[in-house]
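Here are the chains, one letter per residue:
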Amino acid sequence: IGQEEPTMPGLLLGDEFPNFEADTTIGRIKFHDFLGNSWGILFSHPRDFTPVCTTELACAAKISDEFKKRGVKMIALSIDSVEDHRNWSKDVMAYNSAAETPLPFPIIADHKRELSVQLGMLDPDERDKDGMPLTARCVFVIGPDKKLKLSILYPATTGRNFDELLRVIDSLQLTAQKKVATPVDWKPGDKVMVIPSLSDAEAKSLFPNGVTTQEVPSGKKYLRYTHI
């Protein structure tokens, strides 16, 4: 009788993010304490001293002020040791032509892959020389309420777009405060959409800049826009 592959638990949007303890390049942390009342972004990497991961960490380091400006604490995860992380960080900053500058965020050590399994991060197709699965390129955005707001999963072979991560954080932070949704390719300053659950009267009182409705053949009045 063939054994079934164990399923990874993973996380769903709206779940409380686990308050895990882990060793990192800044010492041992409890995740919720690390976040405090901030938003957070956790991004995982298949392995230290690998090419795509190095370009990603370098980009994250270069734009770390953009995350800070938005009140977002950054933390990375890779399956190697703290010592490897520290040595790799020097390569990353040298790639940025900033060899003397420390990496501006910590990296979690998960060499036993316990956290990667708990968070559903393993890539079934990518394995190391010992046949052990590597972590995929996960991105988790966590709100101040410690709940998962966004999850994106890339395979190990595809590097992430950090401009897109900033864009979705802008959307998440806006829509957490206002009764709007952001349309395709939205950027801060663009018009936003009024959520369908609001009546026209409620929308009129909530959005002093006015609400415009786009006509469609169905005659339904669901494409309502406003500027915030």
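Basis of the calculations
Residues numbered from 1 in each chain as written. Predicted model: local features only at pLDDT ≥ 70, side-chain atom pairs only at ≥ 80, totals over all residues. Heavy atoms only, no water. Helix = DSSP H or I, 4+ residues; strand = E, 2+ residues; numbered from the N terminus. Buried < 20%, exposed > 50% of the residue type's maximum accessible area, 1.4 Å probe, protein only. Areas by Shrake-Rupley, 256 points an atom, 1.4 Å probe, with all protein chains shown as cover. Axes fitted to C-alpha atoms, helices over the stretch in contact; angles between N-to-C directions. Parallel < 35°, antiparallel > 145°, perpendicular 65-115°, else oblique. Left-handed = near helix turned anticlockwise from the far one by under 90°. Contact = heavy atoms within 4.5 Å. Core = buried A, V, L, I, M, F, W, Y, C linked by side-chain atoms within 4.5 Å. Pairing = 2+ DSSP bridges. UniProt positions renumbered as here; feature names shortened; annotations may be inferred.

**Student:** Can you break down the overall build of the chain residue by residue, with the values?
**Tutor:** Helix and strand content of the chain: 7 helices and 13 strands. With 228 residues in all, the chain has 45% of them scored as buried. In the form shown here, the chain has an accessible surface area of approximately 12,700 Å², with 51% of it arising from carbon and sulfur atoms.

**Student:** Requested: an account of the packing of helix 2 (residues 51–62) against helix 4 (residues 82–95), with residues and values cited.
**Tutor:** Where helix 2 contacts helix 4, the two axes come as close as 9 Å, and the packing angle between them is 70 degrees. Overall, the two elements helix 2 and helix 4 adopt an arrangement that is roughly perpendicular. The way helix 2 lies across helix 4 gives a crossing that is right-handed. Along the contact surface, helix 2 presents Cys-53, Thr-54, Thr-55, Leu-57, Ala-58 and Ala-61, while helix 4 presents Trp-88, Val-92, Met-93 and Tyr-95.

**Student:** Give a description of the nonpolar core that names residues and reports values.
**Tutor:** Counting 29 residues, the largest nonpolar core has Ile-41, Phe-43, Leu-57, Phe-67 and Phe-105 as the members making the most contacts within it. Here the element with the most residues in this core is helix 6 (residues 162–177); it accounts for 6 residues. Contact partners of Leu-57, with chain neighbours within four places excluded, come to Phe-43, His-45, Ala-76, Trp-88, Val-92, Phe-105 and Ile-107.

**Student:** Break down the sheet that holds strand 10 (residues 180–181) for me, with residues and values.
**Tutor:** Read from one edge of the open sheet, 4 strands run 10-11-13-12, paired in antiparallel fashion. In this open sheet, the two edge strands, each paired with only one partner strand, are strand 10 and strand 12 (212–213). Here strand 10 runs beside strand 11 (residues 192–194); their pairing, made up of 2 bridges, is antiparallel. Bridged to Val-180 within strand 11 is Val-194.

**Student:** Go over the UniProt feature "active site" (unreviewed entry) in the chain with me, naming the residues and quoting the values.
**Tutor:** The feature "active site" (unreviewed entry), as annotated in UniProt, sits at Cys-53 in this numbering. For Cys-53, the location among the structural elements is in helix 2. Residue classification places Cys-53 among the buried residues on the basis of a relative accessible area of 1%. Apart from the residues within four sequence positions on either side, Cys-53 is in contact with His-45, Pro-46, Arg-47, Trp-88 and Arg-137.

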